[in-house]
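An overview of the molecular structure
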Amino acid sequence: MDHFEFILIITSVIYALAVAQILAGVSRIAQSTSTIKLFPPHTIWVLNLFVFIFLIWWASWEFRAVQWTFPQYAYMLVAPTLLFFACSLLVPTELAGAEVRMEEHFFRIRRPLFVSYFLAALAASVDGNLLADEALWHEGRYGHVTLLGAAAWGYFTAGRRAHYLIALASLLAIAFI
């Protein structure tokens, strides 16, 4: 086993745990006896995180030729750890009560969600520059900049309509990374 395979194992486990958070949360929502009032931006963010995790994991193949050091290894753990945290925030663990409003949950966890997402997207955006020979600017950067801007906007605004736009812009940006 080489260093890349060794590193990919732990990052894959953390990404798998993040995906498990999403899948388990969606399963809890589907099985809940409470009335669940969905909030479309929340639902889109569940999809955004799910897809983003697989894109970042897939892109990590680019680093197979890196001569690994411990700081690089530690850096590779940043994005999956932050995305796990974001996923664990996004899908509620408690669904008690007659009615569960996902909009209230979303706005309650909005700030830590967007901080962790912003930092994970930032780490994923520059990993090619730090670990490989990726050009500073390429066509994927438009998507990265959009994701970072959307995360910052999501942190600073509590506007309901704005969050529809933020979620949709992020989904489109992920499609172009």
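Residues numbered from 1 in each chain as written. Predicted model: local features only at pLDDT ≥ 70, side-chain atom pairs only at ≥ 80, totals over all residues. Heavy atoms only, no water.

Points about the overall build of the protein chain
Counting its secondary structure elements, the protein chain contains seven helices and two strands. Relative to the compact-globule value of 16 Å for 177 residues, the protein chain shows a C-alpha radius of gyration of 17 Å, a close match. Taken along its principal axes, the extent of the C-alpha atoms in the protein chain is 55 × 30 × 20 Å. Of all 177 residues assigned to the protein chain, the portion counted as buried reaches 45%. Put simply, the protein chain has 10 plus and 11 minus side-chain charges, and the middle of one group is 16 Å from the middle of the other. (Helix = DSSP H or I, 4+ residues; strand = E, 2+ residues; numbered from the N terminus. Rg over C-alpha atoms; globule rule 2.2 N^0.38 Å. Buried < 20%, exposed > 50% of the residue type's maximum accessible area, 1.4 Å probe, protein only. Lys, Arg positive; Asp, Glu negative; His and termini not counted. Charge placed at Lys NZ, Arg CZ, Asp CG, Glu CD.)

Describing the packing of helix α1 (residues 3–31) against helix α4 (residues 78–90)
Running from amino to carboxyl end, α1 crosses α4 at an angle of 10°, the nearest separation of the two axes being 8 Å. Between α1 and α4, the crossing angle belongs to the class labelled roughly parallel. Residues Thr11, Ile14, Tyr15, Leu17, Ala18, Gln21 and Ile22 of α1 pack against Ala79, Pro80, Thr81, Leu83, Phe84, Cys87 and Ser88 of α4. (Axes fitted to C-alpha atoms, helices over the stretch in contact; angles between N-to-C directions. Parallel < 35°, antiparallel > 145°, perpendicular 65-115°, else oblique. Contact = heavy atoms within 4.5 Å.)

Some words on the pattern of salt bridges
It is possible for side chains bearing opposite charge to pair when their charged atoms get close. Under the definition given, this model contains three salt bridges. With a closest N to O distance of 3.8 Å, Arg101 and Glu103 form a salt bridge. Overall, the relative accessible area of 18% leaves Glu103 in the buried class. For Arg101, a relative accessible area of 32% translates into the label partly exposed. (Salt bridge = Lys/Arg side-chain N within 4 Å of Asp/Glu carboxyl O.)

Side note on the environment of Asn129
With respect to the element layout, Asn129 can be found in helix α5 (residues 102–131). Here the alpha-carbon distance between Asn129 and Arg101, two residues 28 residues apart in the chain, equals 41 Å.

Considering the confidence of the model for the protein chain
Of the residues in the protein chain, 100% reach a pLDDT of 70 or more, and the chain-wide mean stands at 93. Of all secondary-structure elements in the protein chain, the lowest mean pLDDT belongs to strand β2 (residues 99–101), at 91, while α4 reaches the highest, 97. (pLDDT = per-residue confidence, 0-100.)

Quick notes on the side chain of His144
Within the fold, His144 resides in helix α6 (residues 140–156). For His144, a relative accessible area of 11% translates into the label buried.

Concerning the environment of Lys37
Relative to the assigned elements, Lys37 resides in strand β1 (residues 35–37). Look at Lys37 and you get partly exposed, because its relative accessible area is 39%. C-alpha of Lys37 to C-alpha of Pro80: the two residues are 43 residues apart in sequence and 29 Å apart in space. Contacts of Lys37, omitting those with residues within four sequence positions, involve Glu99, Val100, Arg101, Met102 and Glu103.

Thoughts on the packing of aromatic side chains
Inspection of every chain in the model, using the stated rule, returns 13 aromatic pairs. Between the aromatic rings of Trp45 and Tyr117, the centroid separation amounts to 4.9 Å while the plane-to-plane angle is 80°, which identifies the pairing as edge-to-face. One end of the pair, Trp45, is in helix α2 (residues 40–59); the other, Tyr117, is in helix α5, and 72 residues separate them in sequence. Neither Trp45 nor Tyr117 differs from the other in exposure class; each is buried. A ring pair is formed by Phe52 and Tyr117, whose centres lie 5.4 Å apart and whose planes are at 50°; its orientation type is tilted. Of this pair, Phe52 sits in helix α2 while Tyr117 sits in helix α5, and the two are 65 residues apart along the sequence. The same class applies to Phe52 as to Tyr117, namely buried. (Phe/Tyr/Trp six-rings, centres within 6.5 Å; stacked < 30°, edge-to-face > 60°.)

Comments concerning α1
Taking 1.5 Å per residue, 29 residues should reach 42 Å; α1 reaches 42 Å between its end C-alpha atoms and fits that length. Residues of α1 that are buried include every one of Phe4, Ile7, Leu8, Thr11, Ile14, Tyr15, Ala18, Val19, Ile22, Gly25 and Ile29, and no others. Buried residues along α1 sit in contact with β1, α2, α3 (70–76), α4 and α5. Sitting at the amino-terminal end of α1 is Asp2, which places a side-chain oxygen 3.2 Å from the backbone nitrogen of Phe4. (Expected span 1.5 Å × (residues − 1). Polar contact = N/O pair within 3.5 Å; in protein donor to acceptor, adjacent residues only side chain to side chain.)

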